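Summary of structural features
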There are 2 protein chains.
Amino acid sequence: MKNLIIASTSTIHGSDYLEYLLDELSVFFKLVDYILFIPYARPSGISHDDYTNKVQEAFLKINKTVKGIHEFENPVEAVTQAKAIFIGGGNTFVLLNQLYKNQLIEPLKKAVQNGTPYLGTSAGSNICGLTINTTNDMPIIYPPSFKALGLVPFNINPHYLDPIPNNKHMGETRETRIKEFHEFNTQPVIGLREGSWLIVKDDSIILKGRLSARIFEYNKTPFEVETETELNTLK
Amino acid sequence: MKNLIIASTSTIHGSDYLEYLLDELSVFFKLVDYILFIPYARPSGISHDDYTNKVQEAFLKINKTVKGIHEFENPVEAVTQAKAIFIGGGNTFVLLNQLYKNQLIEPLKKAVQNGTPYLGTSAGSNICGLTINTTNDMPIIYPPSFKALGLVPFNINPHYLDPIPNNKHMGETRETRIKEFHEFNTQPVIGLREGSWLIVKDDSIILKGRLSARIFEYNKTPFEVETETELNTLK
């Protein structure tokens, strides 16, 4: 009874926060008026209040009310009773650390498995994978584990970037980094380009958006999958 | 009695491995014939043997012999008895994890504090800082701690990259990431551009190379320091 949108990014270049997804979201959140927002990833160190206000502003456009989890006395109860959940982007380590700290991992898994609609963008998508080992974020906090929610049977690499031709910078490309990941881990990784998202509905996982996605499997040559591809065999 | 070279990268664009540093290294390693190499960071998942061979090839140009730490039965002894140490780049998490696993953190600190010349590049430089919280690498392994060797009283960000003008990708800039780091940590960070290195000699820390470096201090506006600047007040 899963029902998720796992988006590479909240914002595509040249448009407002969540704007490219709003049509999709007004259908996805059709049955709910109010969404529980988890602002823990704190992009640029923004406060929980400011982040929640920014999200409320976007959701007003589709007539939804947002409440930040930090406004509840009991965050576990907030998750258990939520009719819909959104976890936004920022720093994946900061996000996951706070979820562990507030003992929200199991309640979140249960809520989503029981059918509570879940939207994740960027860091909020990363944690839907098995682990956060394929985040692009700087490890500014040491979380008690890299194990994530495991709502899909693979890892996610949001903001996936193709190698830049003729780049003079000697840092690793994203593809090299994921190849290194597979020296130590065996689960598949999906590189989701900006503007792409996954729709997870029960046992179905479908790629959405204009672009293809890149799939990295252990000991295999990476390959592209087109939008609208069913990905439920990826595990 | 410290004596270190902490380099942003092993290789600058368009030149061979370590080539831009070889003149400096032939002076730095003047008194030793043999260098202990620690290949644990495994760039692109390269084996310890292959990585050591690549390093040996570069050091042959200045008539130095290299031996990989994995060739020793007792890695702690290898460090304790080394006359010079080089830790190369790759993945910082993989490197630090292996150093913890082989109980090399304290022996390395002691060796360097007792004057054993130490060369670090990229990941091998990152671990000279207080923690690896400011690495650019993908967290493909969960190390027992992010605490590093602390051979300098600040953090290092190697391969420092300026924001790319008109970039359409929505991932965070390096400066934003370090700003986020300072929401949770207070130590300074030095952004070392490719082709820059630090010379640490006892209490002196001097920036070398053609480029300036960018300094990030807690609650301050980031600023540039020119090459040849003495950085021993940074803490």
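Treat the numbers as computed from the prediction; the structure is a model and nothing was measured.

Each value, and the rule that gives it
- Residues numbered from 1 in each chain as written.
- Chains lettered and ligands numbered in written order.
- Predicted model: local features only at pLDDT ≥ 70, side-chain atom pairs only at ≥ 80, totals over all residues.
- Heavy atoms only, no water.
- Helix = DSSP H or I, 4+ residues; strand = E, 2+ residues; numbered from the N terminus.
- Contact = heavy atoms within 4.5 Å.
- Polar contact = N/O pair within 3.5 Å; in protein donor to acceptor, adjacent residues only side chain to side chain.
- Buried area = accessible area lost by both parts, 1.4 Å probe.
- Salt bridge = Lys/Arg side-chain N within 4 Å of Asp/Glu carboxyl O.
- Pairing = 2+ DSSP bridges.
- Axes fitted to C-alpha atoms, helices over the stretch in contact; angles between N-to-C directions.

With respect to the helices and strands, the residue T116 of chain B is situated in the loop between α5 (105–113) and β5 (118–121). T116 of chain B has contacts with N3, A82, K83, A84, I85 and A111 of chain B, leaving out every residue within four places of it along the chain.

Residue and element names in this part refer to chain A. The topology assignment puts E19 in the loop between β1 (3–7) and α1 (22–28). Along the chain, E19 and L119 lie 100 residues apart, while their C-alpha atoms are 14 Å from each other. A polar contact of 2.7 Å, which involves the side chain of E19, links it to the backbone nitrogen of D16.

It is worth spelling out the interface of chain A and chain B at this point. Counting residues at the interface gives 47 residues for chain A, matched by 47 residues for chain B. Here chain A packs against chain B, burying approximately 3,900 Å² in sum over the two surfaces, 60% of which is carbon and sulfur. For R42 of chain B, the salt bridge is made with E183 of chain A, and the minimal N-O distance between the two is 3.1 Å. Between chain A and chain B we count 19 residue pairs in polar contact (both at pLDDT 80 or more) in total. Mapped onto the side of chain A that touches chain B, the elements with two or more residues apiece are α4 (92–101) and α7 (174–181) of chain A. Examining the composition of the side of chain A that touches chain B, we find that seven residues originate from one element, α7 of chain A, more than from any other.

What follows concerns the sheet that holds strand β6 (residues 155–157) of chain A. Residue and element names in this part refer to chain A. Read across the sheet, four strands follow the order β6-β7-β10-β11 without closing on themselves; strand pairing throughout is mixed. Each edge of the sheet is formed by a strand with only one pairing partner; in this case those strands are β6 and β11 (223–225). Shown here is a sheet whose adjacent strand axes are inclined to one another by a mean of 30 degrees, direction ignored. Two strands pair when backbone bridges link them, and strand β10 (residues 213–216) and β11 are joined in this way by three bridges, in the antiparallel orientation. By the bridge assignment for β11, A213 is matched with V225.

To continue, consider the sheet that holds strand β4 (residues 85–87) of chain A. All names here are of chain A. What the seven strands build is an open sheet, ordered β3-β2-β4-β5-β1-β8-β9; its pairing is mixed. The outermost strands of the open sheet, each flanked by one partner alone, are β3 (65–68) and β9 (204–208). Strand-to-strand, the axes of this sheet are offset by a mean angle of 20 degrees, without reference to chain direction. Pairing between strand β2 (residues 34–38) and β4: three bridges, direction parallel. Counted as the bridge partner of F37 is F86 from β4.

Honestly, that's just the spatial picture; any functional story needs more than this.
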